[in-house]
Amino acid sequence: MAHKTYGIDFGTGTVKVYKKSEGIILNERTVVATVGKGAAQRPVAIGDKAYEMFEKVPPNIKVSFPLENGVISQMGDMISLWNFMLEKISGRRKAKNADFYIAVPADIREVDKNAYSRVVSESECKPHKVFLIHKPVADALGLDLDVENARGIMIVNVGAETTEISVLSLGGIVVSKLLPYGGNYFDEQIINYIRKEHNFVIGRKSAEQIKKTLVSAVPVDEKVTVVGRNVVKGLPGEVTVASSEIFPLVQGVFLSISAAVRSMLERTPPEIASEIAERGIYLTGGSSWIRGMDQLVANETRYKINTTKHAQRTVVTGLGYLAEHPKLAARYSIPLKEIRG
């Protein structure tokens, strides 16, 4: 009996789903809005609609982001989110008896990897099989790299809350490191700076607007105006921010990422490092679009940097490749003994 097959990238910022034979069928925010407490808690909005409510809701509604730093922090909200996504992708049948390929960071605890499996297993879909795939492997497959035969691949995935740096060889992960830096970190730094230096309170969405316009790994000369609340007057107003103010806030993060890449290269066996030097480093992830990041990492490492227009979709595309070639699942899935506990 043929089973429907899905690939799921539970990203901190967005959930992306691939369906066999159809491609990427869903891309929604990883956000849940709930009312009530304890057993009485229930969702009122999920995904993009919940994100639209963020920073606008009354006190009785809580808007949460159930994934933090690459791990699931709120299991109940994640299961509610996935049940909602199930209905969007498969209707009332909830994709029952389907196979699922789920991407998980390589450098997290086994119990945290297992939590990703629980989201699907304890949802309403009653899956046939659940496979956990290390995110760097899915990333490499999504980049159309020859994972099985390559002797050296380095991938730097810059996401919403984390940056995962990994070295792969002959289908496996040699070394991997998860850093607590991503696009959301920049938002927080911008919010804190504007409050302190401009006496203005801005929301995360305004901070994201500033980030997209001004954040760069190399100096630029631009300005942006956003709406906020003047702390002194207590009234709404506008504040103009220059890129020269933002650059010092984020420069340290970019240098930390570059330093971590260099450290990983130093830990990589020479034969593998030589092939990485030949191929270059692959830069992916939803926050890898930041201007100048490829240039900075290239300058700091002296390695060629490879980028892609579809950096946010490489992981789910790699899961889709496995969905289309199910015989490879056993080769790349994490053995069950590794995720128990």
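Every residue gets a number counted from 1 within its own chain, in the order that chain's sequence is written. Selection of residues for local features in this predicted model requires a pLDDT of at least 70, selection of side-chain atom pairs for listing and counting requires 80 or more, and totals for whole chains, interfaces and linings are taken over all residues. The side-chain quantities take in all heavy atoms of the structure and omit both hydrogens and water.

## Considering helix H8 (residues 270-279)
Taken together, the buried positions of H8 are occupied by Ile 272, Ala 273, Glu 275 and Ile 276. The buried residues of H8 occupy one face: seen down the axis, they fall within an arc of 160°. Opposite the buried face of H8, by more than 90 degrees, sit the exposed residues Pro 270, Glu 271 and Glu 278. Gly 280 lies just past H8 and shows a positive phi near 95°. Type-normalised accessible area, obtained with a 1.4 Å probe on protein chains alone, sets the label of each residue: buried when under 20%, exposed when over 50%, and partly exposed for intermediate values. Strands are runs of DSSP state E lasting at least two residues, helices are runs of H or I lasting at least four, and both sets are numbered from the N terminus onward. Each C-beta atom gives one direction from the helix axis, and the arc is the one those directions make.

## Let's talk about the confidence of the model for the chain
Averaged over every residue, the pLDDT of the chain is 92; residues scoring 70 or more account for 96%. Scored below 50 in pLDDT, residues 337-341 shows eight contacts in the model against residues more than four places distant or in partner chains. One confidence number per residue, pLDDT, is output by the predictor and ranges from 0 to 100. We call two residues contacting when some pair of their heavy atoms lies within 4.5 Å.

## Considerations on the side chain of Thr 12
Within the secondary structure, Thr 12 is located in the loop between strand S1 (5-10) and strand S2 (14-19). By relative accessible area, which is 13% here, Thr 12 ends up buried. Excluding anything up to four places from it in sequence, Thr 12 contacts Thr 30, Leu 67, Gly 70, Ala 160, Glu 161 and Asn 184.

## Thoughts on the sheet that holds strand S4 (residues 32-35)
In space, the three strands of this open sheet follow the order S5-S4-S6, with antiparallel pairing throughout. Both outer strands of the open sheet, strand S5 (42-46) and strand S6 (61-64), are each paired with one neighbouring strand and no more. Strand-to-strand twist in this sheet, taken as the mean axis angle between neighbours without regard to direction, amounts to 30°. The criterion for strand pairing is that DSSP finds at least two bridges linking the strands in question. For S4 and S5, the ladder comprises four bridges, and the chain directions are antiparallel. Along S5, the bridge assignment pairs Ala 33 with Ala 45. Each axis is a line fitted through C-alpha atoms, taken for helices only over the stretch in contact, and angles between the N-to-C directions span 0 to 180 degrees. Contacts from helix H2 (residues 75-90) reach S4, S5 and S6, with the element oriented near 55° to S5.

## Thoughts on the sheet that holds strand S16 (residues 236-242)
Across the sheet, three strands lie side by side as S14-S15-S16; this open sheet has antiparallel pairing. This sheet does not close on itself; its edge strands, each paired only once, are strand S14 (200-201) and S16. The sheet contact formed by S14 and strand S15 (residues 223-230) spans two bridges and is antiparallel. Note that in S15 the partner of Val 201 across the bridge is Arg 229. Along the sheet, helix H6 (residues 204-214) makes contact with S15 and S16, crossing S15 at roughly 165°.

## With respect to the packing of aromatic side chains
Between rings of Phe, Tyr and Trp, where Trp is taken as its six-membered ring, a pair exists when centres lie within 6.5 Å; planes separated by under 30 degrees are stacked, by over 60 edge-to-face, and by other angles tilted. According to the stated counting rule, one finds 10 aromatic pairs in the structure shown. Pairing Trp 82 with Phe 100 gives two aromatic rings, centres 6.0 Å apart and planes at 80°, and the pair type is edge-to-face. With Trp 82 in helix H2 and Phe 100 in strand S9 (residues 99-104), this residue pair connects regions lying 18 residues apart in the sequence. Overall, the relative accessible area of 0% leaves Trp 82 in the buried class. For the pair Tyr 101 and Phe 131, a centre-to-centre distance of 4.9 Å together with 15° between the ring planes defines the contact as stacked. You can see Tyr 101 sitting in strand S9 and its partner Phe 131 sitting in strand S10 (residues 129-134), a full 30 residues away along the chain.

## Concerning the packing of helix H4 (residues 135-142) against helix H10 (residues 314-324)
Between H4 and H10, the shortest axis-to-axis distance is 6 Å and the interhelical angle comes to 85°. For the element pair H4 / H10, the angle class is roughly perpendicular. Between H4 and H10, the residues in contact are Lys 135, Ala 138, Asp 139, Leu 141 and Gly 142 and Thr 314, Val 315, Thr 317, Gly 318, Leu 319, Tyr 321 and Leu 322, respectively. Residues belonging to the contact of H4 with H10 are distributed by class as follows: six nonpolar, four polar and two charged. Put simply, angles under 35 degrees are roughly parallel, angles over 145 are roughly antiparallel, angles from 65 to 115 are roughly perpendicular, and the rest are oblique. Residue polarity follows a fixed list, in which Ala, Val, Leu, Ile, Met, Phe, Trp, Tyr, Cys and Pro are nonpolar, Asp, Glu, Lys and Arg are charged, and the others, Gly among them, are polar.

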